[in-house]
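A structural walkthrough
Listed here are the chains, written in short residue letters.
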Amino acid sequence: MTIQNFNIYTANGYEGDLVDSGPRVVQTGVLTLASAGFGKAMNRDPAVERGVALGGAANVFAISQREWNHEAGSRPSTGNDTVYLETESVSLIRQGYLYVKLTGATAVVAGEVLHVDTVTGLFTKVAVGGNVVATTNVVADESAISGEVFKVRIDILA
């Protein structure tokens, strides 16, 4: 008898996926500049009502949440081939747990505060400097190495 291995959609989660159905604070923003992927740090854009832009700051405003109403660019979906486009509404998680991907060569340990690239919105643990700043409100809930998708918690500080 032939053994079949089914291995699509077996990942723990993708960038921007909700971790569980626990309590969280979410809202919608309007993307004002360029495009933005899922699980990325977002800044407020005060020039537009409810405006947000890709990129982080020490106090991350929100993280872009994955939405199922975006069409995948490939079949089966790789989980990272769709984005929000400029002027589209963006689902934002302001407080709660979400999956993000760790970039850079430095691993992160559960409980550590993450760093963020203020231009790309990518989360990392590489040394602070240049575009990379230490966040004050995004904490790793799981340990991870570069390229891994892992659970983080964001809290509203202001």
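Below is a summary of the structure that appears in this document. (Residues numbered from 1 in each chain as written. Predicted model: local features only at pLDDT ≥ 70, side-chain atom pairs only at ≥ 80, totals over all residues. Heavy atoms only, no water.)

Across soluble globular proteins, you tend to see nonpolar side chains buried next to one another. By size, the foremost hydrophobic cluster in this structure holds 17 residues, and its most contacted members are Ile63, Val108, Leu114, Phe123, Val138, Phe150 and Val152. In terms of residue count, strand β5 (residues 89-103) provides more of this core than any other element does, four residues in total. Formed by ten residues, the second largest nonpolar core is a distinct cluster that contains Met42, Val52, Val90 and Leu92. (Core = buried A, V, L, I, M, F, W, Y, C linked by side-chain atoms within 4.5 Å. Buried < 20%, exposed > 50% of the residue type's maximum accessible area, 1.4 Å probe, protein only. Helix = DSSP H or I, 4+ residues; strand = E, 2+ residues; numbered from the N terminus.)

Inspection of every chain in the model, using the stated rule, returns five salt bridges. In this structure, Lys101 and Glu15 form a salt bridge, with 4.0 Å as the shortest nitrogen-oxygen distance. Here Lys101 is found in strand β5, whereas its partner Glu15 is found in the segment before β1 (25-31), with 86 residues between them in sequence. Residue Glu15 is classed as buried on the basis of its relative accessible area, which comes to 9%. We note a salt bridge from Asp155 to Arg153, for which the minimum N-O separation is 3.0 Å. One connected set of salt bridges, linked through shared partners, spans Glu15, Lys40 and Lys101. (Salt bridge = Lys/Arg side-chain N within 4 Å of Asp/Glu carboxyl O.)

With that settled, the discussion passes to the environment of Val60. Summarising the element assignment, Val60 is placed in the loop between β3 (51-54) and β4 (62-64). For Val60 and Asn43, which are 17 residues apart along the polypeptide, the C-alpha to C-alpha distance reads 6.6 Å. Every residue in contact with Val60, bar those within four places of it in the chain, is listed here: Ala41, Met42, Val116, Thr135, Asn137, Val138 and Ile154. (Contact = heavy atoms within 4.5 Å.)

Moving on, we come to the packing of aromatic side chains. For the coordinates displayed, the defined rule picks out one aromatic pair. Sitting over the ring of Tyr97, Lys151 keeps its end group 4.8 Å from the ring centre. The cationic tip of Arg153 hangs over the ring face of Tyr97; the distance from NZ or CZ to the ring centre is 5.0 Å. (Phe/Tyr/Trp six-rings, centres within 6.5 Å; stacked < 30°, edge-to-face > 60°. Lys NZ or Arg CZ within 6 Å of the ring centre and 35° of its normal.)

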